[in-house]
Amino acid sequence: MTAVDDRPTTEIGSARLRKEDQRLITGRTKWTDNIQLPGMVHLAMVRSPFAHARVSGIDTAEAKALPGVIAVLTGSDIADIQGLNITAWPITTDQKAPDHLPMVVDHVACAGEIVAVVAARSAAVARDAAELVDVDYEELPAVLDLKEAATDAVLAHPSLGTNKSAFWQLDSKAGGTGGDIEEAIATAREGGILIEREYRQQRLIPSFMEPRSTVVDPTGDQVVLWSSTQVPHLVRFGIAATTGLPESKIRVIAPDVGGGFGGKLQTTPEEFVTLAVARTLGKPCKYTETRSESMVSAHHGRDQWQKLTLAAEKDGTVTGLKVELMCDLGAYAGLVGGGVPVLGAWMFNSIYKFGAYQFNCTNYYTNKTWVDAYRGAGRPEATYAIERLMDELAAEVGVDPMEIRRKNWITHDEFPFASVAGMTYDSGDYEAATEKALGLFGYDELRAEQQRRRESGDPVQLGIGISTFTEMCGLAPSRVLGSLNYGAGGWESASIRMLTTGTVEVITGASAHGQGHETAWSQIVADRLGVPFENVEVLHGDTQIAPKGMDTYGSRSLVVGGEALVRAADKVIEKAKPLAAHMLEAGVDDLEFAAGRFTVKGTDKGIGLTDIALGIWTGHDYPEGLEPSIDADATFDPVNFSFPHGTHLCAMEVDTETGATTMRKYVCVDDIGTIINPLIVEGQVHGGLVQGIGQALWEGAEYDEQGTLVSGSFVDYTLPTAADTISFVTDHTTSPSTSNSLGTKGVGEAGTIASTPAVVNAIVDAVRHLGIDDIQMPCTPERVWKAIQSAGGTTDAAPVADAQAHFDEGAPNQDPAAGTTDGAGQ
Amino acid sequence: MTRITVNVDGVSCTDEVEPRMLLVHYLREVVGKVGTVVGCDTSNCGACTVHLDGRSVKSCNVLAVQADGHDVTTIEGLSSNGELHPMQAAFHENHALQCGYCTPGMIMQAVDLVTENPNPSEEEIRVGLEGNLCRCTGYHNIVKAVAAAAGSMSSERTEAR
Ligand code: FES
Ligand code: FES
C-alpha cells in the first residue's frame, strides 16, 4: 500500500490529461436537467414581455384547466417564502438598490421578469399552460439608454426617486498613492499632450452553453437544491438569509455545470421560484430554461461608457489618468452587481507608472436585464480603455505603440511595485514577456508588410494591435473585501481525508464548471503527499460534502483554493509525523518526509503515509494525547492579490472597400506564475481569447425602443464559431507569485481581458492613416466601412495636439475622428 | 399519440409519442439518452447532434416520428466493445473539451465530417464544425483533435485492408 513510483518526478508542471473527461466524452455527464426524481413536477415561467409595467391582474383559470396542470402560482401566492435575490456588494453605504423579488408581485422592471409559474406533469404541458396565463399589464415609460437614465427624466424604479445607484471614487492624491490628477491635466493642457476619449463597453451576454436548470426536492430532512451554478455555497447563504429556511435545512448541489464565465455567479430568480413552488406543493420540481429565456433573464455583462483623460509630457511620459465611468446595472443590483465596475478601479493604470490617477464610477438603473460579472469583470473594461489610450498616445507622439509602453511600464527590477491605485504588484517581467511575444509574432516583418501595403495603396490594409495587460486575481483578501463594504470573505477551504486502503479524498470549497480542478488538485496533492495521481479523488460542489467554500470565479480557485489544499496537505504530514515516530520507534526530529514516506535519517527504516493512515484507522497502537486521525482541514485567506500579466499581439487585415476584417495572426505570452498543468492552462487561454475577440468583433446585446432584447437568441447574438476563428500561438514566461506558496497567479480570465483591445487596436491601426482613431465595438464590417466612409479617405487627418477637442462638462464624445457611435437604445 | 420504432444505439425502441415531440426530447425523456443535450431553441448550437442512419443531424430539428424505422446513434453508442471511438480519444488527448456541454454534439459532428472527408484541412475542419458552438475552448484544441482523429481513423482503415 505504499506509493508506486512510476509517476513523473513532479506532478506540478506536467500536462496530465484530464480526469473529468471520461464521463464528458461518453455522454454520462450529470447535468442538472438530467435529474429525474419520482413524482417530479415540471415548471414553466410566465415572463413579462414589457420592460416596465405594473401588473394589474393575472387570470390563471384557463391555464389551470389544462389537463396535466398541477398549479399556477403568482407572486402574491409565494410572497412569504420566495426570499430575495441579494446583492453582496453595496459599493457605498448609501447605495440605492431596489428589492429584487424572484417573482414580481406588482412592478416589472425589465422584460423577462417572472410574473407567474406553472407546475405540470411534463415540461411540454407546463409550457402550453404558461401561454394560457392571462396577465394584465399597465405599461409604464421605460428608461433604456444609459445616458438618458443619468438625467432621471424617466425612472426605472419610480419608488427610488432616481436612477442613480451609487458613486464611487478612488483618488491618488486623497489616498496618498500619487499626485493631483487635476494638476496633471492642467499641466498637460498647457505644454504637454492630453488625450481625451470616450469609449463604449457594449453589453454582452455570457452565453454559457448549458442553459440554467434547477431541481428542488423538498421532501427529505434537508431541502435539496441542484442547480447549474458556479456558487453553491453562496446560493445556500442567499436562501438561508432571505427565505426563512434554516441554513442547516438546505443542501445545495452543483453537479456537472456546463460553463459559467461569471454568468452563473448569481442567486437567480429561477432558483428561488423553483424552491418556493417545491415547498408550496411538497413535491420535487424541475425548471430548465430555454435558450431564449436564458438570453433575456440570466444576467448580462459589461455595459459602460468610459470617459477618459490621459495626461502626458510631449515625449510620451504619462503623468496622469482620469477615468469617469457611467455603468448600466440594468434593472437590479446583482450579487456582485455594482461592484463589478469597481473591480476595474485598480487596473486602469495597468502596468504603467502614472504620477496621478483618479477613478470615478457612477452606476445607474435602466429597464433592461440586470448586469453582473462576466469573465474578467471590471478588468477587461479597464484594460480595453488603457490599452486603446496608449495606442492613441503613441500616434500623437509619433512613435511605435510598443515604444510608448516601454517608456511607461514598470521595469522588472522595480518589483515589488506600489501602484498609483494603491496595489502592490509582487512580481512580473513585462520586458521578458514582450521580447518573447515580439519574436514569436514576427513583429518587424509584419510592420514592414504594413508599410508596403500602405505605400502600394492595397485595398486590404494590415494592422497590428498590442495589449500589454495585467490583472488582479485571487479574489480576495477578506480584510480588503471588508474595507470595500463587500458582504462576504475571500478565503477558501480544503480538507484531505487519508482513507484506510491507500487512496485520498480531497474536498475543496471551489466549485468547478469546466476548469479541470479534479485534475489539477490531484496533481498538487499527489506531489505534496507523495501519493499516485490516480489515487486522489477530488470532491466539490455539494454543500453536504464540501460544507465550507466561496466557490469559483475571479481566477481564484487555484490561487486561493490551491493554497488551502497545500496547507491541508502540510497539516496531514504534521499530524502523521509523531505517529510515524511512534511506529518507527524513533525521535520526531530524526524523521524526514519525502515522496510519501517518513524515513529515519541515516537508516533505511521508513513508513509510508498511507500505511500510517491504515495503522491509525485501527487505532490499536498510538501515543497518548494524540487523536487517531491524520485527516486535516485548512482555510486560507490570502494577504494579497496576484497579478498575472502578458503581452498579446494581433494582426488584422481590413478590407477598406467592404469593411470586412480577418484575423491573420494572434500571439500571446502570459506570465501566470507557476503552471500546474500546461494543458489546462492553454485551454483556458484559448477559450478566454475567443471570448475577448467576440466582444471586439461580433457580440453585443441590443434592445429596441420598447425595451425588447432583439439579440435574444443564438440567431441574433452572434457567438464566434470555429469558422470565424483561427489557431493561436501561446507561450509563457514565469515570475512566480509571492502571495501563495505554489507561486500561481490565476489564468481563467487573462485571455478575455487582454484580447479585446489587441484586436481593436489592430483594426484601428490598419486604418489610422485614413484618419480614423476609433471604431466602436463590436467592430462589424458595417461599422468599419462606415468609419472609412465618414473619414472621407483623407490620408493625413491624424489630430494634432492643439487641434484636439476637450471635454466640456457632460458633453458626449467630441473626438472629431471617432468612428460611428450608433447603437441606439443600448 | 403515434407509435414509433427507432433503433437507438443498437437497441430497438417502440414507444408512443406525441406527433410534435422532437427527436432530442424523445431521446432524453423517453429513451433516457441524456448524453445528448439541448443548448438552444433555434437550431444554432449543435449540442443535440446525433447520427440518423449514419449522417449527422441536429436532433432538435427532427421530429421523433421522422425517426420511425431509422437508426439513431448518440454519443452513448459511439464507443464499441468498451473502447473509445478514435474521435472520443482524440478529444481527451488534445484537451478539446472543458465543461463538456458541447462535446457530445461536437464529437458526433466531427465523426460525420471525417467520414465524409477523411483528410480534412484546418479550414475544412473549421467550416465543417461551424454549426456547433463551444463557449469554452475557443475551438483551437477541437480543431487539433479532429485533425488527429482523422489521422488515426485513416491509419486504422489502412491497417484493416
Ligand atoms: S439544441 Fe439543437 S441546435 Fe441547439
Ligand atoms: S467545452 Fe464547454 S461549451 Fe464546449
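Residues numbered from 1 in each chain as written. Chains lettered and ligands numbered in written order. Predicted model: local features only at pLDDT ≥ 70, side-chain atom pairs only at ≥ 80, totals over all residues. Heavy atoms only, no water.

In terms of regular secondary structure, chain B is built from five helices and five strands. In sequence order, chain B lays out its α and β elements as β-β-α-β-β-β-α-α-α-α. Over its C-alpha atoms chain B spans a radius of gyration of 16 Å, differing by no more than 12% from the 15 Å that the globule rule assigns to 161 residues. Expressed as a percentage of its 161 residues, the buried residues of chain B come to 54%. Counted over contacts in chain B with a minimum sequence separation of 6, partners at least 24 positions apart contribute 56%. Charge centroids of chain B, computed over 11 positive and 20 negative side chains, lie 4 Å from each other. (Helix = DSSP H or I, 4+ residues; strand = E, 2+ residues; numbered from the N terminus. Rg over C-alpha atoms; globule rule 2.2 N^0.38 Å. Buried < 20%, exposed > 50% of the residue type's maximum accessible area, 1.4 Å probe, protein only. Contact = heavy atoms within 4.5 Å. Lys, Arg positive; Asp, Glu negative; His and termini not counted. Charge placed at Lys NZ, Arg CZ, Asp CG, Glu CD.)

This part is about the environment of Glu449 of chain A. All names here are of chain A. Secondary-structure assignment places Glu449 in helix α14 (residues 443–456). Distance in space between the C-alpha atoms of Glu449 and Val216 is 60 Å, their sequence separation being 233 residues. The residues touching Glu449, leaving out its near neighbours within four places in the chain, are Leu462 and Arg664.

Right, let's talk about the nonpolar core for a bit. With 141 residues, the main nonpolar core has Trp346, Phe348, Phe359, Tyr666 and Val759 of chain A as its most contacted residues. Discounting residues that sit within four places of it in the chain, Val759 of chain A has contacts with Cys650, Met652, Met663, Tyr666, Ile693, Ala696 and Leu697 of chain A. Membership of the second largest hydrophobic core comes to 53 residues, among which are Met209 and Met295 of chain A together with Leu113 and Ala150 of chain B. (Core = buried A, V, L, I, M, F, W, Y, C linked by side-chain atoms within 4.5 Å.)

Residue and element names in this part refer to chain B. When its domains are assigned, chain B resolves into domain 1 (2–78) and domain 2 (86–160). Contact residues are listed per partner, giving 19 residues for domain 1 and 13 residues for domain 2. Across the domain 1/domain 2 interface, buried area totals approximately 1,300 Å², and carbon plus sulfur atoms make up 57% of it. At the boundary of domain 1 with domain 2, the tally comes to two salt bridges. For Arg55, the salt bridge is made with Glu116, and the minimal N-O distance between the two is 3.7 Å. Applying the counting rule to domain 1 against domain 2 returns nine residue pairs in polar contact (both at pLDDT 80 or more). Every element with two or more residues in the side of domain 1 that touches domain 2 is listed here: β3 (49–52) and β4 (55–58). For the side of domain 1 that touches domain 2, the class distribution of residues is seven nonpolar, ten polar and two charged. (Domains from an automatic or database assignment. Buried area = accessible area lost by both parts, 1.4 Å probe. Salt bridge = Lys/Arg side-chain N within 4 Å of Asp/Glu carboxyl O. Polar contact = N/O pair within 3.5 Å; in protein donor to acceptor, adjacent residues only side chain to side chain. Nonpolar A, V, L, I, M, F, W, Y, C, P; charged D, E, K, R; others polar.)

Residue and element names in this part refer to chain A. With respect to topology, four strands assemble into an open sheet ordered β18-β26-β27-β28, the strand pairing being mixed. The outermost strands of the open sheet, each flanked by one partner alone, are β18 (460–470) and β28 (729–732). Geometrically, the sheet is characterised by an average inter-axis angle of 10° between neighbouring strands, direction not taken into account. Sheet topology places β18 next to strand β26 (residues 645–655); eleven bridges connect them, and they run antiparallel. What sits directly across from Ile464, in β26, is Ala651. Sitting on the sheet, α14 is in contact with β18, β26 and β27 (661–671), with an inclination near 145° to β18. (Pairing = 2+ DSSP bridges. Axes fitted to C-alpha atoms, helices over the stretch in contact; angles between N-to-C directions.)

With that settled, consider empty space enclosed by the protein. In this approach a probe as big as a water molecule rolls over the atoms, and the regions it shows empty are the leftover space. Residues and elements named next belong to chain A. Inspection of every chain in the model, using the stated rule, returns ten cavities of 30 Å³ or more. Taken as a whole, the second largest cavity spans an internal volume of roughly 120 Å³. Along its surface, the second largest cavity is lined by 16 residues, and His100, Gly112, Glu113, Pro269 and Ser297 are the ones closest to its centre. For the lining of the second largest cavity, a count of residues per class yields nine nonpolar, four polar and three charged. (1 Å grid on protein atoms, 1.4 Å probe; cavity = no way out; pocket = protein on both sides within 12 Å on 5 of 7 lines; lining within 4 Å. Points joined across faces, edges and corners; volume = space filled by probe spheres on them.)

Residue and element names in this part refer to chain A. Taking strand neighbours across the sheet as the criterion, the three strands line up as β22-β23-β24 in an open arrangement whose pairing is antiparallel. What marks the edges here is a single partner per strand, and that holds for β22 (591–594) and β24 (606–608). On average, each strand axis in the sheet is tilted by 20° relative to the strand beside it, whichever way the strands run. Relative to β24, strand β23 (residues 597–600) runs antiparallel, the two being bridged by three bridges. Along β24, the bridge assignment pairs Phe598 with Ile607. In the packing of helix α18 (residues 609–618) onto the sheet, contacts are made with β22, β23 and β24, and the angle to β24 comes to roughly 75°.

The next subject is the packing of aromatic side chains. Residue and element names in this part refer to chain A. Scanning the entire structure with this criterion turns up 13 aromatic pairs over all chains. Ring geometry for Trp168 against Trp346: centres 5.7 Å apart, planes inclined by 65°, an arrangement best described as edge-to-face. Linking Trp168 in strand β7 (residues 164–171) with Trp346 in the loop between α10 (339–342) and β15 (356–364), this pair joins segments that are 178 residues apart in sequence. The exposure classification of Trp168 matches that of Trp346, with both residues buried. Aromatic pair Tyr199 and Tyr384: ring centres 5.8 Å apart, planes at 80°, arrangement edge-to-face. One end of the pair, Tyr199, is in strand β8 (residues 193–204); the other, Tyr384, is in helix α11 (residues 379–397), and 185 residues separate them in sequence. Exposure class is identical for Tyr199 and Tyr384. Each is buried. Within the aromatic cluster, the residues linked to one another by ring pairs are Trp168, Trp346, Phe348 and Phe359. A cation over an aromatic ring shows up here: Lys147 above the ring of Trp305, its NZ or CZ 4.0 Å from the ring centre. (Phe/Tyr/Trp six-rings, centres within 6.5 Å; stacked < 30°, edge-to-face > 60°. Lys NZ or Arg CZ within 6 Å of the ring centre and 35° of its normal.)

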